[in-house]
Amino acid sequence: MELVERALPGVEEHADRAAESACLLADVVSAGGWSEVAADDALTAIETLAGALGGIGPELQDVLAAVTAAASTARRRLGLPVDTVPEPVAAGAVPAPRASRRPRRRGLGPGFQGIR
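In this text the structure is predicted, and so the values were computed from the model without any measurement. (Residues numbered from 1 in each chain as written. Predicted model: local features only at pLDDT ≥ 70, side-chain atom pairs only at ≥ 80, totals over all residues. Heavy atoms only, no water.)

Asker: Would you take a moment to explain the overall build of the protein for this structure?
Answerer: Across its full length, the protein carries three helices and zero strands. Secondary structure elements of the protein, listed N to C terminal, follow the sequence α-α-α. By residue count, 16% of the 116 residues in the protein fall in the buried class. Within the protein, counting contacts between residues at least 6 apart in sequence, those at least 24 apart form 61% of the total. Carbon together with sulfur atoms contributes 61% to the accessible area of the protein, which is approximately 9100 Å² in total. (Helix = DSSP H or I, 4+ residues; strand = E, 2+ residues; numbered from the N terminus. Buried < 20%, exposed > 50% of the residue type's maximum accessible area, 1.4 Å probe, protein only. Contact = heavy atoms within 4.5 Å. Areas by Shrake-Rupley, 256 points an atom, 1.4 Å probe, with all protein chains shown as cover.)

Structure representation (structure tokens):
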């Protein structure tokens, strides 16, 4: 299992933004500051990142399975919906995001230049 010297275009920037967002969230939240939607979004981010990192190789996927299991346990304890059938992720593949109650936020794409 090896990492490449240079990530695919955009990967490092997105990972940096994800880490920065996680730090900002940790700075502003308190025990009483979580809503159901916010907790669901944070757990979805954890599961998605663990699944994406698991695509590096089967050894890492096995280790990160504990992260997704912990996120499922957290969902149950918080009374949030839990996926009943986990989908295995092939090495090198990025898992599809988990279905949630509200639509996912989506970017406008790499060629978006604004409304004219």
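Asker: Would you mind going over helix α2 (residues 36-54) with me for this structure?
Answerer: One turn of the α-helix equals 3.6 residues, which is why residues spaced by three or four share an orientation. Counted at 1.5 Å a residue, the expected span for α2 with its 19 residues is 27 Å, and the 27 Å between its end C-alpha atoms agrees. Where the residues of α2 are buried, they touch α1 (11-28) and α3 (58-78). (Expected span 1.5 Å × (residues − 1).)

Asker: Looking at this model, I keep getting lost on the pattern of salt bridges. Mind explaining?
Answerer: Close approach of charged atoms allows side chains of opposite charge to pair. A complete count under the given rule lists three salt bridges for this structure. The partner of E12 in a salt bridge is R6, with the nearest N and O atoms 2.6 Å apart. Among the ionic pairs, R75 bridges to D40, the shortest N-O distance being 2.5 Å. Here R75 is found in helix α3, whereas its partner D40 is found in helix α2, with 35 residues between them in sequence. Across the pair, D40 and R75 agree in class, each one buried. Connected through shared salt-bridge partners, D40, E47 and R75 make up one network. (Salt bridge = Lys/Arg side-chain N within 4 Å of Asp/Glu carboxyl O.)

Asker: Can you walk me through the packing of α2 against α3 in this structure?
Answerer: The description of two helices packed together rests on the angle between their axes and the distance between the axes. Where α2 meets α3, the axes come as close as 8 Å, and the angle between the chain directions of the two elements is 165°. By the angle between their directions, the pair α2 and α3 is classed as roughly antiparallel. Two packed elements cross with a definite hand, and for α2 against α3 that hand is left-handed. Together, A39, D40, L43, T44, I46, E47, A50, L53 and G54 of α2 and L60, Q61, L64, V67, T68, A71, S72, A74, R75 and L78 of α3 make up the contact between the two elements. Of the residues assigned to the contact of α2 with α3, the class counts are eleven nonpolar, five polar and three charged. (Axes fitted to C-alpha atoms, helices over the stretch in contact; angles between N-to-C directions. Parallel < 35°, antiparallel > 145°, perpendicular 65-115°, else oblique. Left-handed = near helix turned anticlockwise from the far one by under 90°. Nonpolar A, V, L, I, M, F, W, Y, C, P; charged D, E, K, R; others polar.)

Asker: Where do I start with a nonpolar patch on the surface in this structure?
Answerer: Together, L3, L53 and I56 line one region of the surface with nonpolar side chains, adding up to about 290 Å² of accessible area. Along the chain, the position of L53 falls in helix α2. (Patch = residues over 30% accessible without salt bridge, like charges linked within 9 Å, V, L, I, M, F, W, Y side chains within 5 Å.)

Asker: Quick question: what am I supposed to make of the confidence of the model for the protein here?
Answerer: Low-pLDDT portions of the prediction should not be read for the details of their coordinates. Averaged over all residues, the pLDDT of the protein equals 79, while 70% of them reach at least 70. Of all helices and strands in the protein, the one with the weakest mean pLDDT is α1 (91), whereas α3 scores best (94). (pLDDT = per-residue confidence, 0-100.)

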